[in-house]
2 protein chains.
Amino acid sequence: MRRVAVLGVGMTKFGVSTKSQVEMFAEAALEAINTSNLKPRDIQAVYVGNVLGDFEEGQMNIAPFCSAELGLPPEVPATRVEGACASGSVAIKEAFMGVAAGFYDIVLAGGTEKATAMGTPLATRTFAMATDSRYEEFTGITFPGVFALLSHLYAREYGIPLAELKEQMAMVAVKNHRHGARNPLAQFQKEITVETVFNSIMIADPLQLYDCCPFSDGAAAVVLAAEGIAAKLVPKPVYILGIGQASAGSLFRQRGLPRLVAREAAAKKAYSMAGLSPEDVHVCELHDCFTIAEIIASEGLGLCEFGRGGEAAMKGETTYGGRVVINPSGGLKAKGHPIGATGAAQVYEIVKQLRGEAGTRQVDGARVGLTDTLGGDASTVVVTLYGI
Amino acid sequence: MRRVAVLGVGMTKFGVSTKSQVEMFAEAALEAINTSNLKPRDIQAVYVGNVLGDFEEGQMNIAPFCSAELGLPPEVPATRVEGACASGSVAIKEAFMGVAAGFYDIVLAGGTEKATAMGTPLATRTFAMATDSRYEEFTGITFPGVFALLSHLYAREYGIPLAELKEQMAMVAVKNHRHGARNPLAQFQKEITVETVFNSIMIADPLQLYDCCPFSDGAAAVVLAAEGIAAKLVPKPVYILGIGQASAGSLFRQRGLPRLVAREAAAKKAYSMAGLSPEDVHVCELHDCFTIAEIIASEGLGLCEFGRGGEAAMKGETTYGGRVVINPSGGLKAKGHPIGATGAAQVYEIVKQLRGEAGTRQVDGARVGLTDTLGGDASTVVVTLYGI
């Protein structure tokens, strides 16, 4: 198995776009290819994460159209993968395997999504199809509902009064908005306060509007290559040190909630493959689709003790100057969440951080980074470790 | 790169089912696992091809639910791939890469689809989303329309009067129904005549009803393993000798129609990897979504001369006693077409044929088999060669 590096990365601005999913993907892909010092014709395979393309703009089977938009020839296989919000990371994982195995030397992977056009209420209901259609979906639950339930479970499990947990959750939102305010590609580049969160409308008790990430339009892409090739092309290749993907069925099948078994299995695999521990991680992009999701993720990844993720946010341990900087990009919360693109956008940020190219968001001395992407109600999780 | 074998295979009856997509997948998967002399816990990764699950039963993100239905633990990554009608074959290709590379020793791959519930007219319109949404779909074209256009192009390109081509196409339907009549899992187990075709309603001139495959419910699955493991588990492993996946954009970007560049690129890769030629193929399951599609495919795969695929069908060269038996299962035409499952069902038939277990459908002396699966308007094509 060969070592695999990330060469160039590319990303559109997240928010509301008038471009199609294919056009956004091409924009991000061309940036990734150009900054790899490559031409499109050097790409040997394409993996695209996309979730709601058929509902958003009547486009399924999107991968070959992304490939054709870049002018790639028929010999280049183009594959769509879908694992709900984790789709972009699943795309990168398949690309990683193709390069590591020697099937391909240079692969393009990423994701694209146009999630704003149908409006948040309809998108929320439509996206609820990522829950189990037989056991969950018919109850009418949506993802704000899933994470609201997890909030209550979390408060009970760790004996934290709900009012206290809500403050911790609000602090996660404040932190990620503060980070996002420094990110020119973020959807929301403005700081908020705890009061902003508490004064916002209730979505699914205890989650208020500012506890929730938005649906966004956007795309992100990365170029992966075998080690020997990477070193010749770019001055600072970022290596994939470990990667783990794991799965779980409906919530009722999952034991130990609010801990999420799929995340913990994925993280264990990634750390083991990399020979690293959570203490080695300097910077992390994790799946904060809701503020409670960041708290649960920071614990499941081993970055905080169980039951102490919110406290860590309150104490500033997960921001600049803390033990590990979580979501320097602003996370899904402030950067935005174009569903299928999110995993690739996380890698975009980690690569910029490890190369020291993150500008005002730079985490000093970042040499090991982690991405964590969660799809559905923790039914698909990918955890990846990157190093320079 | 390790050699990869197919161990067990499984398939539901194709047609109209009251089961969910997940349940159908589990039925096919358990047959594949049992006939591999394995237990579900031996499976290390799962790949599921599925196309319209969100429209059919409100289920996206289906792969982890398929995995959980089999009782697999979180450590097993479950990945959905979607490449329109080629989805099942793309799933098998990803599984093949994972095993060949040594990431996994034993992988389950297949597809599932519940395409009858919405009815053919709506399914046809819905599935048209596999065309290019920017350049094709808005014209109102559906796949019967795409293949009707290809029929006219074909007649003009090779100077065949349309009436003659229609007879050749009808003969393809007659042949595949004759094959399907011997297949207890086929949706249509009845023979037809050329008159049946000519007396059926016009769908998209020149395609009549019996020139078109149905939408079906069904699932199929296969277990892949590394060579050393396979030989210990089953008496007759079937080896993947070569595999090629290729892609193309909208039809207007494709040169040389009615020849399909993605198929020819995929076939070239598969033959080259296997070190085989079309003359070596004894039995073939190819993508006869429409009768003209079989004619075009048989030529693109090198099994017939260009412009002579229909003539070959008329002369009986593509049935029992001919040079190569095409679609002994009945093909999509008679066996049925549960979109995401079709690629895996093709492998089911080829494996049974190469093992000499195809009963009344057995092709004598079959030692090399080929599967060909086409997605969209030839935007995703996978060609695979199998040998015993």
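These remarks concern the structure in this document. From a predicted model like this one, the values you see are computed outputs, not experimental measurements.

1. Overview of the pattern of salt bridges
Phase 1: Tallied over the full model, the rule gives 30 salt bridges over all chains.
Phase 2: Residues participating in the shared-partner salt-bridge network are A:Glu23, A:Glu69, B:Arg134 and B:Arg253.

2. Some words on the interface of chain A and chain B
Phase 1: The partner chain B presents 63 residues to the 63 residues of chain A that form the contact.
Phase 2: Between chain A and chain B the total buried area reaches about 4700 Å² when both faces are included, carbon and sulfur atoms providing 54% of it.
Phase 3: In this structure, the connection of chain A to chain B is made through 8 salt bridges.
Phase 4: A salt bridge links B:Glu69 to A:Arg253, with the nearest nitrogen and oxygen atoms 2.9 Å apart.
Phase 5: For the pair chain A and chain B, the interface holds 38 residue pairs in polar contact (both at pLDDT 80 or more).
Phase 6: At the level of secondary structure, the elements contributing two or more residues to the side of chain A that touches chain B comprise α1 (21–34), α2 (53–57), α3 (62–69), β3 (78–82), α4 (87–101), α5 (120–127), β8 (238–247) and α10 (261–274) of chain A.
Phase 7: For the side of chain A that touches chain B, the leading source of residues is α4(A), giving 7 residues.
Phase 8: Looking at the side of chain A that touches chain B, its residues break down into 32 nonpolar, 17 polar and 14 charged.

3. Some thoughts on the pairing of strand β11 (residues 368–375) of chain A
Residues and elements named next belong to chain A.
Phase 1: Judged by how many residues are buried, β11 sits mostly within the fold: 8 of 8 residues are covered.
Phase 2: Of the two faces of β11, both are covered, the one formed by Val368, Leu370, Asp372 and Leu374 as well as the one formed by Gly369, Thr371, Thr373 and Gly375.
Phase 3: Strand direction decides the pairing type here: strand β9 (residues 283–285) and β11, joined by 3 bridges, are parallel. Bridge pairing in β11 places valine 283 opposite glycine 369.
Phase 4: Hairpin connection, β11 to strand β12 (residues 380–387): the antiparallel pair is bridged by 4 residues, and glycine 376 has positive phi, about 65°.

Procedures and definitions
Chains are numbered independently. Their residues run from 1 in the order of the written sequence. Written order decides the labels, with chains lettered from A and ligands numbered from 1. Local features in a predicted model are, by the rule used here, given only for residues with pLDDT of at least 70; side-chain atom pairs are given and counted only at 80 or more, and totals for whole chains, interfaces and linings are based on all residues. Based on all heavy atoms of the structure, the side-chain values leave hydrogens and waters out of the count. By convention in these notes, a salt bridge is any Lys or Arg side-chain nitrogen within 4 Å of a carboxyl oxygen on Asp or Glu. Working rule for contacts: check all heavy atoms of both residues, and any pair within 4.5 Å makes them a contact. Put simply, buried area is how much 1.4 Å-probe accessible surface two parts lose in total, over both of them, once they are put together. A 3.5 Å cut-off defines polar contacts: any pair of N or O atoms within that distance qualifies, except that in protein one atom must be a possible hydrogen donor and the other a possible acceptor, and neighbouring residues in sequence count only when both atoms are side-chain atoms. Helix and strand labels come from DSSP, where a helix needs a run of H or I of at least four residues and a strand needs a run of E of at least two; each type is numbered from the N terminus. Under the scheme applied, nonpolar residues are Ala, Val, Leu, Ile, Met, Phe, Trp, Tyr, Cys and Pro; charged residues are Asp, Glu, Lys and Arg; polar residues are all the others, including Gly. Exposed residues in this analysis have more than 50% of their type's maximum accessible area, buried residues have under 20%, and partly exposed residues fall in between, with area computed by a 1.4 Å probe over protein chains only. For two strands to pair, DSSP has to find at least two bridges joining them.

Honestly, it's all geometry; don't read function into it.
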